[in-house]
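Here is how the chains run, residue by residue.
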Amino acid sequence: DLMTVTRTAFAVLMTILPNWKGWLKSLANDYNKLLKLLQLIDDSGFSNELILVGSWNEYFYGQIYNDYKGFLSTLDVDFYCLNRVKTKTDTNLASILIKDGYTFNQDSLTNKTVFFNEDFEIEFLSKITREMSSTVKIPRLDVVAECLGGLEMIERYILPYYDETFDFHVNLVKPSCYCAH
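Residues numbered from 1 in each chain as written. Predicted model: local features only at pLDDT ≥ 70, side-chain atom pairs only at ≥ 80, totals over all residues. Heavy atoms only, no water.

### Examining the pattern of salt bridges
- Per the stated rule, a full pass over the model turns up six salt bridges.
- Across the pair K36 and D100 runs a salt bridge, and its minimum N-O distance is 3.7 Å. One end of the pair, K36, is in helix α2 (residues 20-43); the other, D100, is in the loop between α4 (93-99) and β3 (103-106), with 64 residues separating them in the sequence.
- The partner of D142 in a salt bridge is K137, and the shortest N-O contact between them spans 2.7 Å.
- Judged by relative accessible area, which is 30%, D142 ranks as partly exposed.
- What emerges from the salt-bridge pattern is a single network uniting K112, E123 and E146. (Salt bridge = Lys/Arg side-chain N within 4 Å of Asp/Glu carboxyl O. Helix = DSSP H or I, 4+ residues; strand = E, 2+ residues; numbered from the N terminus. Buried < 20%, exposed > 50% of the residue type's maximum accessible area, 1.4 Å probe, protein only.)

Listed below in structure tokens is the structure:
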């Protein structure tokens, strides 16, 4: 009932609010890591192969649309792997991330690839394949992406973005698709 939901929400807020300064500091730290990651991906030639998905898009929507007020609801970074066959580089993304200090991990439950840098987490997603497997190996990136249904529409709603301040390109999900998904 409504009273139970209200009490639960209030209890959650009371546990979160005393730690808001720590959360904001963590968010700023993760934001800086995200910018560095996006520069690394672009400099390595992979920016056309990946689409940033998830709430980090909302930060960039705020840069593009002056009246947009977003809310970051997660601190991990998810990329949709746009092209599983071709890349324009002779190296793979996994080795670049490891060289930059990320720790490689293979999820024991799903087999998907996860990279960590302290508490900053990077995961990769793909559309469902004909084999209906839960993951798919993307050789040129040297990652195993988690396959999720409904993601193929992302490919039709790409919003290319160039950040002049930090000099990188990133593919975002158009806001209309972001809201629908």
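### Quick look at the confidence of the model for the chain
- With 75% of its residues at a pLDDT of 70 or more, the chain has an overall mean of 80.
- Across residues 20-25 the pLDDT falls below 50, and counting only partners more than four positions away or on other chains, this stretch makes two contacts in the model. (pLDDT = per-residue confidence, 0-100. Contact = heavy atoms within 4.5 Å.)

### Brief notes about the environment of E121
- Within the secondary structure layout, E121 lies in strand β5 (residues 120-127).
- As for E121 and T103, which are separated by 18 residues in sequence, their C-alpha atoms are 9.5 Å apart.
- Among all residues touching E121, those that are not within four sequence positions of it are D76, V77, V114, F115 and F116.

### What about the packing of aromatic side chains?
- According to the stated counting rule, one finds eight aromatic pairs in the structure shown.
- On the basis of an interplanar angle of 25° and a centroid distance of 6.1 Å, the ring pair of F79 and F124 is categorised as stacked. Taken together, the residues span a long stretch of sequence, with F79 in strand β2 (residues 77-81) and F124 in strand β5 at a distance of 45 residues.
- Summarising the aromatic geometry, the rings of F104 and F115 are spaced 5.7 Å apart at their centres and angled 65° between planes, so their arrangement reads as edge-to-face. Of this pair, F104 sits in strand β3 while F115 sits in strand β4 (residues 113-117), and the two are eleven residues apart along the sequence.
- Look at F104 and you get partly exposed, because its relative accessible area is 39%.
- Residue classification places F115 among the buried positions, given a relative accessible area of 0%.
- Taken together, the ring pairs connect Y31, Y59, F60, Y161 and F168 into an aromatic cluster. (Phe/Tyr/Trp six-rings, centres within 6.5 Å; stacked < 30°, edge-to-face > 60°.)

### What to know about the nonpolar core
- In this structure, L37, F60, F79, L97, I122 and F124 are the most contacted members of the largest nonpolar core, which totals 44 residues.
- At seven residues, α2 tops the list of elements feeding residues into this core.
- Residue contacts for L97: discarding those within four places in its chain leaves L37, L40, Y102, F115, I122 and F124. (Core = buried A, V, L, I, M, F, W, Y, C linked by side-chain atoms within 4.5 Å.)

### Brief notes about the pairing of β5
- In terms of residue burial, β5 counts as a mostly covered element, since six of its eight residues are buried.
- Relative to β5, β4 runs antiparallel, the two being bridged by four bridges. Along β5, the bridge assignment pairs F116 with E121.
- Pairing of β5 with strand β7 (residues 143-148) involves three bridges; the strand directions are parallel. Among the inter-strand pairings, S126 is bridged to a residue of β7, identified as C147. (Pairing = 2+ DSSP bridges.)

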